[in-house]
Amino acid sequence: MTLKPINELLVEIAGQAERALLYEVALTPKPGLVDRNNSGAHSDMDFFTFLDSIVSLSPYLYQYVKLGAEHEGTPKELFHKVRSMGIHAEKAMLAATKNINTHKGANFSFAVLLGATGAYISSGQRPLPFSEEDIQGILAYAKAMSHGLVTNDFADLAAKSSLTYGEKLYLSYGITGIRGEAEAGYPALGQLIMPFFRANKDRPMELVLLEALLLLMSQVEDGNIIHRGGIDAWRTIKTETKQLLQDSHEGNLKELMYSYDLVLIERHLSPGGAADLLSLGIFFAKLENLF
Ligand SMILES: CC(C)(COP(=O)(O)OP(=O)(O)OC[C@H]1O[C@@H](n2cnc3c(N)ncnc32)[C@H](O)[C@@H]1O)[C@@H](O)C(=O)NCCC(=O)NCCS
Ligand SMILES: Nc1ncnc2c1ncn2[C@@H]1O[C@H](COP(=O)(O)OP(=O)(O)OP(=O)(O)O)[C@@H](O)[C@H]1O
């Protein structure tokens, strides 16, 4: 087997991250979220805002995987490198979207996971497609990178004058959100979505992605839902999406999801955390050549 030059591999991996973000926003119907049909429970952004946002992030996706591939220090040192790069990316995103938060969470997680992917391939120059073990190796590296993140980020919140939604949720409920997910090595990917994708890899991709979104909504501690609707609204969504998964089959899935979109729009709720995890899952599924 001949291995591709490393830079070609990095370009291909960054391209799969971009593709995953495009697939996520194009997937329709997504309850409460921006899709091709409507802007869900969002009045400040639409499908095109997401396209602008993805274009602005694209060069950084490559930078994250390159930083990982060239890294020679500890996983934690790589975390600091990609986060610093991520702050520049977030500024580019906000400039492209006129200050609307389209991909804050996705940008953070892609920074960590692309960095981890780069570090993983450089440790043994793995060819694509990756195996299940490769993905586990990348998630384990991401876990090592994020060690102590929750404690460090939330250490001095009392002294801060303004708090982000993630910080407020931690102070109010002890909810660790995206930081907790990263520090645990993204169990929503390794233990939930990737096994689901592998088990369903021969079914129509679009339906599998819609079901995957419902699966994530039924289980993830979604900071976006909780900051807008509170804990009860989040619990209700978890129960309802479990029921939707039980009631749905290939013939009625889209119809049920169109109806549920109207419900979440009416309640002004949007599962942004689940959407981000879906795009990360699509990224790994592409690297594993599942669809
Ligand atoms: C950590 C990030 C995401 C900022 O967190 P913040 O508290 O502002 O945001 P918040 O927690 O509200 O969530 C951000 C996004 O994460 C996504 N999300 C929410 N819950 C989840 C979840 N359970 N799983 C995955 N993604 C989630 C959503 O899309 C959400 O919009 C990142 O933007 C960042 O690092 N910003 C720089 C700030 C910084 O460096 N602070 C440290 C100072 S030491
Ligand atoms: N397809 C999508 N449609 C809508 N939101 C998405 C989609 N994919 C991901 N998201 C996530 O939803 C988040 C935006 O949600 P929200 O508008 O609640 O956040 P906010 O701007 O931080 O808060 P608010 O506008 O309520 O003050 C984005 O950070 C983004 O990560």
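Up top is the structure these notes are about.
Quick summary incoming for the structure in this document. Given the structure is predicted, the values throughout are model-derived calculations rather than measurements.

**Digging into the site of ligand 2**
- The local shell around ligand 2 holds 17 residues, among which V34, N101, T102, Y165 and N224 are the closest.
- The contact in question runs from a nitrogen atom of ligand 2 to an N or O atom on the backbone of V34, over 2.7 Å.
- Taking 620 Å² as the accessible area of ligand 2 by itself, protein coverage stands at 86%.
- For the shell around ligand 2, the secondary-structure elements that each account for two or more residues are α11 (223-247) and α13 (272-287).
- Across the shell around ligand 2, the residue classes break down as 6 nonpolar, 6 polar and 5 charged.

**Quick notes on the site of ligand 1**
- The local shell around ligand 1 holds 22 residues, among which K104, T164, E221, N224 and D276 are the closest.
- Side-chain polar atom of R83 to an oxygen atom of ligand 1: 2.8 Å apart, as the coordinates give it.
- One of the side-chain N or O atoms of E90 is found 3.1 Å from an oxygen atom in ligand 1.
- For ligand 1, whose accessible area on its own is 900 Å², the fraction buried by protein is 79%.
- Going through the elements one at a time, α3 (75-96), α4 (104-124), α7 (165-173), α8 (177-183), α11 and α13 are the ones with two or more residues in the shell around ligand 1.
- Per-element accounting of the shell around ligand 1 gives the leading share, 4 residues, to α13.
- A breakdown of the residues in the shell around ligand 1 according to their chemical character gives 5 nonpolar, 9 polar and 8 charged.

**Section: the environment of Q63**
- Looking at where Q63 falls in the secondary structure, it is placed in helix α2 (residues 47-70).
- As for Q63 and I282, which are separated by 219 residues in sequence, their C-alpha atoms are 20 Å apart.

**Details of the packing of aromatic side chains**
- Tallied over the entire structure, the rule returns 8 aromatic pairs.
- Centroid distance Y120 to F130: 6.4 Å. Interplanar angle 80 degrees. Geometry classified as edge-to-face. Taken together, the residues Y120 in helix α4 and F130 in the loop between α4 and α5 (132-145) connect sequence positions 10 residues apart.
- Through a chain of ring-to-ring contacts, three or more aromatic side chains come together here, namely F110, F283 and F284.
- Above the plane of the ring of W234 lies K238, whose end atom (NZ or CZ) is 4.0 Å from the centre.

**Considering the layout of surface pockets**
- Here the second largest pocket defines a volume of roughly 170 Å³.
- What lines the second largest pocket is a set of 15 residues, among which Q136, L139, G185, G190 and Q191 lie closest to the centre.
- Residue assignment for the lining of the second largest pocket shows that the elements contributing at least two residues are α5 and α9 (187-199).
- When the residues that make up the lining of the second largest pocket are grouped by side-chain class, the tally is 8 nonpolar, 4 polar and 3 charged.

**Digging into the packing of α4 against α13**
- Closest axis-to-axis distance for the α4/α13 pair is 9 Å, and the angle between their directions is 25 degrees. Taken together, α4 and α13 sit at an angle that is classed as roughly parallel. Two packed elements cross with a definite hand, and for α4 against α13 that hand is right-handed. Between α4, through G105, A106, S109, F110, L113, L114 and T117, and α13, the contact on the second element is made entirely by D276, S279, L280, F283, F284 and L287.
- Partitioned by chemical class, the residues of the contact of α4 with α13 number 8 nonpolar, 4 polar and 1 charged.

**Let's talk about the environment of G180**
- Tracing the sequence through the fold places G180 in helix α8.
- Residue G180 is classed as buried on the basis of its relative accessible area, which comes to 17%.
- Taking the C-alpha atoms as reference points, G180 and L215, separated by 35 residues in sequence, lie 19 Å from one another.

**Some thoughts on the pattern of salt bridges**
- Overall, the coordinates contain 14 salt bridges when judged by the stated rule.
- When the shortest N-O distance is used, the salt bridge between R83 and D153 registers 2.8 Å. Of this pair, R83 sits in helix α3 while D153 sits in helix α6 (residues 149-153), placing them 70 residues apart in sequence.
- Among the residues examined, R83 registers a relative accessible area of 27% and is labelled partly exposed.
- The partner of E211 in a salt bridge is R203, with the nearest N and O atoms 2.9 Å apart.
- In this structure, a network of salt bridges that share partners links the residues R36, E206 and K254.

**Observations concerning the nonpolar core**
- Ranked by size, the top nonpolar core spans 91 residues in total, and within it F110, Y186, F197 and F284 carry the most contacts.
- The dominant element in this core, judged by the number of residues it contributes, is α4, at 11 residues.
- Residue contacts for F284: discarding those within four places in its chain leaves L113, T117, I135, I138, L139, L189 and M194.

**Examining α5**
- The first and last C-alpha atoms of α5 sit 20 Å apart over 14 residues, in line with the 20 Å expected at 1.5 Å per residue.
- Buried within α5 are the following residues: D134, I135, I138, L139, A142 and M145. Considered in projection along α5, the buried side chains sweep an arc of 135 degrees and stay on one side of the axis.
- Looking at the buried residues of α5, the elements they touch are α3, α4, α8, α9 and α13.

Quick notes on the rules
- Residues numbered from 1 in each chain as written.
- Chains lettered and ligands numbered in written order.
- Predicted model: local features only at pLDDT ≥ 70, side-chain atom pairs only at ≥ 80, totals over all residues.
- Heavy atoms only, no water.
- Near = heavy atom within 4 Å.
- Polar contact = N/O pair within 3.5 Å; in protein donor to acceptor, adjacent residues only side chain to side chain.
- Areas by Shrake-Rupley, 256 points an atom, 1.4 Å probe, with all protein chains shown as cover.
- Helix = DSSP H or I, 4+ residues; strand = E, 2+ residues; numbered from the N terminus.
- Nonpolar A, V, L, I, M, F, W, Y, C, P; charged D, E, K, R; others polar.
- Phe/Tyr/Trp six-rings, centres within 6.5 Å; stacked < 30°, edge-to-face > 60°.
- Lys NZ or Arg CZ within 6 Å of the ring centre and 35° of its normal.
- 1 Å grid on protein atoms, 1.4 Å probe; cavity = no way out; pocket = protein on both sides within 12 Å on 5 of 7 lines; lining within 4 Å.
- Points joined across faces, edges and corners; volume = space filled by probe spheres on them.
- Axes fitted to C-alpha atoms, helices over the stretch in contact; angles between N-to-C directions.
- Parallel < 35°, antiparallel > 145°, perpendicular 65-115°, else oblique.
- Left-handed = near helix turned anticlockwise from the far one by under 90°.
- Contact = heavy atoms within 4.5 Å.
- Buried < 20%, exposed > 50% of the residue type's maximum accessible area, 1.4 Å probe, protein only.
- Salt bridge = Lys/Arg side-chain N within 4 Å of Asp/Glu carboxyl O.
- Core = buried A, V, L, I, M, F, W, Y, C linked by side-chain atoms within 4.5 Å.
- Expected span 1.5 Å × (residues − 1).
- Arc of directions from axis to C-beta.

Honestly, it's all geometry; don't read function into it.
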